[in-house]
Amino acid sequence: MTPPRVRGWCPGALRPMMSGDGLVMRLRPRLARFTRAQVLGICEAAARHAAGLIDLTSRANLQVRGVGEADWPKLLELFGGLDLLDADVRLESRRNLLVAPDWISGDDTERIATGLLARLGELPELPAKVGFAIDAGPAPRLQGDSADFRIERGVDGGLILRADGRAAGVVLEPGEEIGALIAIARWFIDSGGKAAGRMARHAAPLPDWARGATLPARAAEPLRCGGYALGAIHALPFGQVSADELAEAMLRSGAHAMRITPWRQVLLEGAEPQHASRLASGSLDVEKAAAAGWRVEACAGAPFCPQASAETRPLAFHLLDLAARGRLQAGQGGAPAGGSGVCTLHVSGCAKGCAHPDAATVCLTGRDGVFDLAYDARPGETPCAAGLAVDAVLARLGAD
Ligand code: SF4
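Residues numbered from 1 in each chain as written. Predicted model: local features only at pLDDT ≥ 70, side-chain atom pairs only at ≥ 80, totals over all residues. Heavy atoms only, no water.

1. Some remarks on the overall build of the protein
Working step 1: The helix and strand inventory of the protein stands at 10 helices and 20 strands.
Working step 2: Its C-alpha atoms give the protein a radius of gyration of 22 Å, near enough to 21 Å, the size a compact globule of 400 residues would have.
Working step 3: With the principal axes as the frame, the protein shows a C-alpha extent of 60 × 50 × 45 Å.
Working step 4: Considering only contacts in the protein between residues 6 or more positions apart, those separated by 24 or more positions represent 63%.
Working step 5: Taken as a whole, the protein presents about 17000 Å² of accessible surface, with 52% of it coming from carbon and sulfur.
Working step 6: Averaged over its 43 positive side-chain charges, the protein has a centre that lies 2 Å from the centre of its 45 negative ones. (Helix = DSSP H or I, 4+ residues; strand = E, 2+ residues; numbered from the N terminus. Rg over C-alpha atoms; globule rule 2.2 N^0.38 Å. Contact = heavy atoms within 4.5 Å. Areas by Shrake-Rupley, 256 points an atom, 1.4 Å probe, with all protein chains shown as cover. Lys, Arg positive; Asp, Glu negative; His and termini not counted. Charge placed at Lys NZ, Arg CZ, Asp CG, Glu CD.)

Below, the structure is given as structure tokens:
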């Protein structure tokens, strides 16, 4: 087996990326879904041969972290046995497909996503971050999520193909969708899209056949934590879960599959929302914090990211707990933040700010093992208090 090719972007399982704690193997679900056997197999593999941590990405993939180079072939064998791998790196990199996670058997989303998976080999080689969204339910769910070309419901009830950066799309007749996706991907490459990297930055006019004036239908209400006909939706704090906790939730909830969303939530198929597990309780903290007006974000931080100079997750969990108990304060000098809406607290391992590129109500930036605190700021902006240890941060932000 050849050694893993180390890349700095869009890792896969066949082409992992080196991170601070070892290789990251990214597993792309088919139709946003892993079976129960696949989830339990991933958890066991992550616990036995990696760092025991699983990330949920904003492209609705799972990442197994902390894989040693010597363990990578073993994990490939295990994941291959679970039918999680593609035939080769070329096909793996083309399976950059976001699927509305609430599809039901026989609907347009399932039909189109399945059809595109069968024809991946017809796609041209695309820039690493170019992807597709299959969002063909009664109303679009994925409009806030990254995709360069999307199939979604139009205002008149039919399906449209819409290129990123365009307000409107072209109406497709039933059965035309997959051919249209392949054709627009080929046009993107032929018209010089590789240099732009993403459709939103590609200035070339769309081909005549892809120019349309049909607006997308109004977006669906977001899926929230709780029970649905398909099962239970739970939030993963900061998009991460330990392999042990995920396996426990699958077993205790009786879920027969897990669907992955791009919103740091998973849908446990066939599960009751009230089942007792550490995953369900972490989700409850996220929900309580949200009810108290807080969203807490944290990047991987040390030791997982080589750029990090501080551990982000332990501090973020403390702050999430404070938020869930209504004990987190925002605003300079401990005064509550005024106004309405959600306050964001961001714990960043360095000034890059991967977890939340925008300004946050409370922003903590790691520097040399301690944190700089700023309000209404992005990571790295001028702090009002610098060099705070974890205890000092908690003392300053907690209302205990
Ligand atoms: S913000 Fe910095 S420390 Fe956090 S994941 Fe990004 S590069 Fe790593």
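Alright, that's what it looks like, and here's the rest.
2. Some thoughts on the domain arrangement of the protein
Working step 1: Under the domain assignment, the protein is made up of domain 1 (15–85 + 227–272), domain 2 (103–210) and domain 3 (292–397).
Working step 2: One C-alpha centre belongs to domain 2, the other to domain 3; they are set 37 Å apart. (Domains from an automatic or database assignment.)

3. A closer look at the pairing of strand β19 (residues 370–377)
Working step 1: Taken across its 8 residues, β19 has 6 buried, putting it largely inside the fold.
Working step 2: Sheet topology places strand β18 (residues 360–367) next to β19; 7 bridges connect them, and they run antiparallel. From the neighbouring strand, Thr365 faces β19, where its bridge partner is Asp372.
Working step 3: Two successive antiparallel strands, β18 and β19, enclose a turn made up of 2 residues, where Asp368 displays a positive phi of approximately 55°.
Working step 4: With 2 bridges connecting them, β19 and strand β20 (residues 385–388) associate as antiparallel partners. Its bridge partner lying in β20, Phe371 is registered against Leu388. (Buried < 20%, exposed > 50% of the residue type's maximum accessible area, 1.4 Å probe, protein only. Pairing = 2+ DSSP bridges.)

4. Description of the site of the ligand
Working step 1: For the ligand, the full set of nearby residues is Cys299, Cys305, Gln307, Ala308, Ser348, Gly349, Cys350, Lys352, Gly353 and Cys354.
Working step 2: Split into classes, the residues belonging to the shell around the ligand amount to 5 nonpolar, 4 polar and 1 charged. (Near = heavy atom within 4 Å. Nonpolar A, V, L, I, M, F, W, Y, C, P; charged D, E, K, R; others polar.)

5. What about unusual backbone geometry?
Working step 1: Cis geometry is adopted by the peptide bond preceding Pro303, which originates at Ala302 and carries an omega value of 0°.
Working step 2: Positive phi, normally seen in glycine, also occurs at Ala32, with a value near 60°.
Working step 3: Within the secondary structure, Ala32 sits in the loop between β2 (22–27) and β3 (33–35).
Working step 4: The backbone of Asp83 shows a phi angle near 60°, a positive value even though the residue is not glycine.
Working step 5: With respect to the helices and strands, Asp83 occurs in the loop between α2 (72–81) and α3 (89–94).

6. Here we look at the sheet that holds strand β12 (residues 231–235)
Working step 1: The sheet built from 5 strands is open, its strands ordered β3-β14-β15-β12-β11 with antiparallel pairing. Looking at the sheet topology across the chains shown, the edges are occupied by β3 and β11 (226–228). Averaged over all pairs of adjacent strands, the angle between their axes in this sheet comes to 25°, without regard to strand direction. (Axes fitted to C-alpha atoms, helices over the stretch in contact; angles between N-to-C directions.)

7. Thoughts on helix α5 (residues 177–190)
Working step 1: For α5, built from 14 residues, the straight-helix expectation of 20 Å at 1.5 Å per residue is met to within 8% by its first-to-last C-alpha distance of 20 Å.
Working step 2: Looking at α5, one finds that the buried residues are Glu177, Ile178, Ala180, Leu181, Ile182, Ile184, Ala185, Trp187 and Phe188.
Working step 3: Residues of α5 that are buried make contact with α4 (108–118), β7 (132–135), β8 (149–153), β9 (159–163), β10 (170–172) and α6 (193–196).
Working step 4: Of the residues one or two after α5, Gly192 is the one with positive phi, at around 90°. (Expected span 1.5 Å × (residues − 1).)

8. Some remarks on the environment of Ala385
Working step 1: Summarising the element assignment, Ala385 is placed in strand β20.
Working step 2: Judged by relative accessible area, Ala385 falls into the buried class, the value being 9%.
Working step 3: With 129 residues separating them along the chain, Ala385 and His256 place their C-alpha atoms 49 Å apart.

9. Describing helix α1 (residues 36–49)
Working step 1: An ideal rise of 1.5 Å per residue puts 20 Å on 14 residues; α1 measures up with 20 Å between its terminal C-alpha atoms.
Working step 2: All of the buried residues along α1 are Gln38, Val39, Gly41, Ile42, Cys43, Ala45, Ala46 and His49.

10. Some points on the sheet that holds strand β1 (residues 17–19)
Strand pairing in a sheet is mediated by backbone hydrogen bonds. Such pairs are either parallel or antiparallel.
Working step 1: Spatial ordering of the open sheet is given by β1-β2-β5-β4-β13, a layout of 5 strands whose pairing is antiparallel. Both edges of this open sheet fall to β1 and β13 (240–242), since each of them pairs with a single strand only. Averaged over neighbouring strand pairs, the angle between their axes works out to 30° when direction is ignored.
Working step 2: Both β1 and β2 contribute to a ladder of 3 bridges, which runs antiparallel. Each residue of the ladder has a partner; that of Ser19, found in β2, is Gly22.
Working step 3: Set on the sheet, helix α7 (residues 243–253) makes contact with β4 (53–56) and β13; between it and β13 the angle comes to about 80°.

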